[in-house]
Amino acid sequence: MGFDHRKYVAFTPVRKTDRRWPDKVIESAPDWCAVDLRDGNQALVKPMSVAQKTRMFDLLVKLGFKEIEIGFPAASQPDFDFCRKLIDENRIPDDVHIQVLTQARPELIARTYEAVEGAKAVIVHVYNSTSTVQREKVFGLDRAGIREIAVNGARIVKAHAEKQPGTQWTFQYSPESFTGTELDFAADVIDAVNDVWRPDQGQPVVINLPATVEMATPNVFADQIEWICDTVRYREHIRISVHTHNDRGCGVAAAELAVMAGADRVEGTLMGNGERTGNMDLVTMAMNLYSQGIDPKVDLSGMAEITDVVEACTEIQTHPRHPYAGELVFTAFSGSHQDAIRKCLSTYSAGDSWEIAYLPIDPRDLGRRYEEVVRINSQSGKGGVAYVLERDYNISLPRWLQIEFSKVVQSAAEAEGGEVDSDTIHRLFEDRYLSVRPEWCLRTYDLHRTDDGVTATVEYGQDQLMKLSGEGLGAVEAVAAGLESHHGFSLAVEAYDEFALGEGTKANAMACIRIQVGGQPYSAAALAEDTTSATLQALLSAVAHHVGSRQDAGQKQAGSPA
Ligand code: KIV
Ligand code: ZN
């Protein structure tokens, strides 16, 4: 059996009796560090060109990121050259710290300092692997040996910085594979590194705790972070950072719980590009904060530009369901969702707090339009179809016609097998209800009110005009009576609605009517200059549907074999 869960060992949870993070609430954004140009870039099939890196850097700056990891300059010539380009061309704003990664090896640290010479503010990020598996199987070293690599790296980082006093240096240490490292050992290495750097004496230090591989549920990661925050020395002088990956699909959740557990800073990438399943997605986490009324301290309002740049630089398409950014994430196809959204939006005004069913945030905040919210397929219902006609064509249907017309749209969607766009919905409505056969086109009408009701005369048709009169309590009843006596059938008006149309439409009024003849319903609608013309035309068109169907049936019968 290839598929055998017994091959895997469950992650040992952290034993903790003083767990406080579950009751914490995030009330402000953490410090962000964008690692698109390093962790994101190193995971790409085709690493970014200089032009792509520059575009990504400029975007990150524009969005408001103040700490940006720009590469691993000692490991790659393109990363080295890119560092130099940013510095030599003066492209780094004064309030932005660039960050560069290096392994804790003397020659790599030296080359890293060459790459950033002359920069105003730099975070030198040094790392070595500390996990049990890496110690035993990759490096063949014991705890002391691994600790020595970190401490030696810290010393060399410090010594180089002292030689370039013109730069504001921040030192960052990552016990790589932290999630697979025994907590007491991780704390021991962190303390040893800080004993060299002395954050208590004014040296800015970041201790970055990576879930290099996501190995357990986010609550376990939060326990690990809380334990480290409680245990390491110099805690009040250092920033604790987290750097989560998404192997179990919980990179964002793990970072959020880590912030509840005490982390001050979060590393990630836009849209979560990164090794394997990716890094923590900065867009999702920042927008999660925004949706809770917290200023995310980055401006993601131009989401289309963000996805354009990320797609162009990574050559990876944005998933249509990507939180906050995907094409479909503000779209409802289901009828009941559409109904609820339509009702909530109809009472929403700018300045209200956002309480709209099925929409966790206002799509317009990200440069999206309400037009995208309701899209129609065979799952949609009357509310969605009515919404599209109202939104795009200023046509408001009465409820009875919404129900009837949505079935027409549903059949079209089923036949099509996919989405029915707004143009098609409008065309279906025109064909089915609004189109007027020339021989049924209302030409004139005359209404004469008496004490007993109304006497109506209408003329309709094209070349040869038909003229008929009738009496009734109102105009519709009077014209219906005329039609009944002329055609020799009786009709009942089941429903009719007329309303004035808003500005910007050619016609001023619209009417919808449903009649019944011989137990069969026939509906029609009409647009006209005034409501009476619209109503009478709708009545004529409904009768035309009946007469037309009678003629069709007659022709079928005449053509059928005896
Ligand atoms: O995932 C990781 O552990 C890293 C480190 C170098 C911080 O990217
Ligand atoms: Zn990483």
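This text goes with the structure placed above it.
Now for a look at the structure at hand. Note that this is a predicted model, so its numbers are computed, not measured. (Residues numbered from 1 in each chain as written. Chains lettered and ligands numbered in written order. Predicted model: local features only at pLDDT ≥ 70, side-chain atom pairs only at ≥ 80, totals over all residues. Heavy atoms only, no water.)

## A word on helix H4 (residues 106-115)
Phase 1 of the analysis: Within H4, the full set of buried residues consists of Leu108, Ile109, Thr112, Tyr113 and Ala115. The arc that holds every buried residue of H4, seen down its axis, measures 155 degrees, which confines them to one face.
Phase 2 of the analysis: Structurally, H4 contributes buried residues whose contacts are with helix H3 (77-88), strand E3 (97-103), strand E4 (121-129), helix H6 (143-163) and strand E5 (168-176). (Buried < 20%, exposed > 50% of the residue type's maximum accessible area, 1.4 Å probe, protein only. Helix = DSSP H or I, 4+ residues; strand = E, 2+ residues; numbered from the N terminus. Arc of directions from axis to C-beta. Contact = heavy atoms within 4.5 Å.)

## Considerations on the pairing of strand E8 (residues 265-268)
Phase 1 of the analysis: Both faces of E8 are covered, namely the face carrying Arg265 and Glu267 and the face carrying Val266 and Gly268.
Phase 2 of the analysis: Direction of pairing for strand E1 (residues 31-34) relative to E8: parallel, over a ladder of four bridges. Bridging across to E8, Cys33 finds its partner in Glu267.
Phase 3 of the analysis: Of the pairings in the sheet, the one linking strand E7 (residues 238-244) to E8 comprises three bridges and is parallel in character. What sits directly across from Val242, in E8, is Val266.
Phase 4 of the analysis: Between the parallel pair E7 and E8, the chain is carried across by helix H9 (residues 251-260), and the sense of this crossover is right-handed. (Pairing = 2+ DSSP bridges. Right-handed = clockwise from strand over helix to strand, strands pointing away.)

## Here's the deal with the side chain of Ser129
Phase 1 of the analysis: Along the polypeptide, Ser129 turns up in strand E4.
Phase 2 of the analysis: Looking at Ser129, its side chain comes within polar contact range of the side chain of Gln134, at 3.4 Å.
Phase 3 of the analysis: Here the side chain of Ser129 touches Glu176 through a polar contact of 2.7 Å, side chain to side chain.
Phase 4 of the analysis: Beyond its immediate sequence surroundings of up to four residues, Ser129 is in contact with Gln134, Phe139, Ile146, Glu176 and Ser177. (Polar contact = N/O pair within 3.5 Å; in protein donor to acceptor, adjacent residues only side chain to side chain.)

## Here's the deal with the site of ligand 1
Phase 1 of the analysis: Around ligand 1, the structure places Arg38, Asp39, Leu101, His125, Ser174, Glu176, Asn208, Pro210, Thr212, His243 and His245.
Phase 2 of the analysis: Taking His243, its side chain carries an N or O atom lying 3.1 Å from an oxygen atom of ligand 1.
Phase 3 of the analysis: A distance of 3.0 Å separates an oxygen atom of ligand 1 from a polar side-chain atom of His245.
Phase 4 of the analysis: Burial of ligand 1 by the protein amounts to 95% of the accessible area it has alone, namely 260 Å².
Phase 5 of the analysis: Split by residue class, the shell around ligand 1 holds two nonpolar, six polar and three charged. (Near = heavy atom within 4 Å. Areas by Shrake-Rupley, 256 points an atom, 1.4 Å probe, with all protein chains shown as cover. Nonpolar A, V, L, I, M, F, W, Y, C, P; charged D, E, K, R; others polar.)

## Here we look at the coordination of the zinc ion (ligand 2)
Phase 1 of the analysis: Those donors, Asp39 (OD), His243 (NE2) and His245 (NE2), are the protein atoms that reach the zinc ion (ligand 2), and they lie 2.0 to 2.1 Å from it.
Phase 2 of the analysis: Positions of the donor residues of the zinc ion (ligand 2) along the chain correspond to the pattern D-x203-H-x1-H. Each member of the pair His243 and His245 is classed as buried. (Donors = N, O, S within 2.8 Å, 3.2 Å for Na, K, Ca; no water.)

## Some words on H9
Phase 1 of the analysis: Burial of H9 is extensive: nine of the 10 residues sit out of reach of the surface.
Phase 2 of the analysis: Residues Gly251, Val252, Ala254, Ala255, Glu256, Leu257, Ala258, Val259 and Met260 constitute the buried set of H9.
Phase 3 of the analysis: Contacts made by the buried residues of H9 are with helix H8 (218-231), E7, E8 and helix H10 (282-290).
Phase 4 of the analysis: Phi for Gly262, located one or two positions after H9, is positive at around 125 degrees.

## Some words on the packing of aromatic side chains
Phase 1 of the analysis: In this structure the tally under the stated criterion is nine aromatic pairs.
Phase 2 of the analysis: Taking 6.3 Å as the distance between ring centres and 75 degrees as the angle between the ring planes, the aromatic pair formed by Phe72 and Tyr127 counts as edge-to-face. Here Tyr127 lies in strand E4 and Phe72 lies in the loop between strand E2 (67-71) and H3, a separation of 55 residues in the sequence.
Phase 3 of the analysis: Relative accessible area serves as the criterion here: at 12%, Phe72 is assigned to the buried category.
Phase 4 of the analysis: Using a relative accessible area of 14% as the deciding quantity, one classes Tyr127 as buried.
Phase 5 of the analysis: On the numbers, 5.3 Å between centres and 40 degrees between planes, the contact of Phe429 with Tyr433 is tilted. Taken together, the positions of Phe429 and Tyr433, both in helix H15 (residues 422-434) and four residues apart, correspond to about one turn of that helix.
Phase 6 of the analysis: Tyr433 gets classed as buried once you look at its relative accessible area, which sits at 0%.
Phase 7 of the analysis: Between the NZ or CZ atom of Arg111 and the centre of the ring of Phe80, over which it lies, the distance is 3.6 Å. (Phe/Tyr/Trp six-rings, centres within 6.5 Å; stacked < 30°, edge-to-face > 60°. Lys NZ or Arg CZ within 6 Å of the ring centre and 35° of its normal.)

## Examining the environment of Gln203
Phase 1 of the analysis: Note on placement: Gln203 falls in the loop between helix H7 (183-197) and strand E6 (205-211).
Phase 2 of the analysis: Looking at Gln203, its side chain comes within polar contact range of the main-chain oxygen of Trp169, at 3.1 Å.

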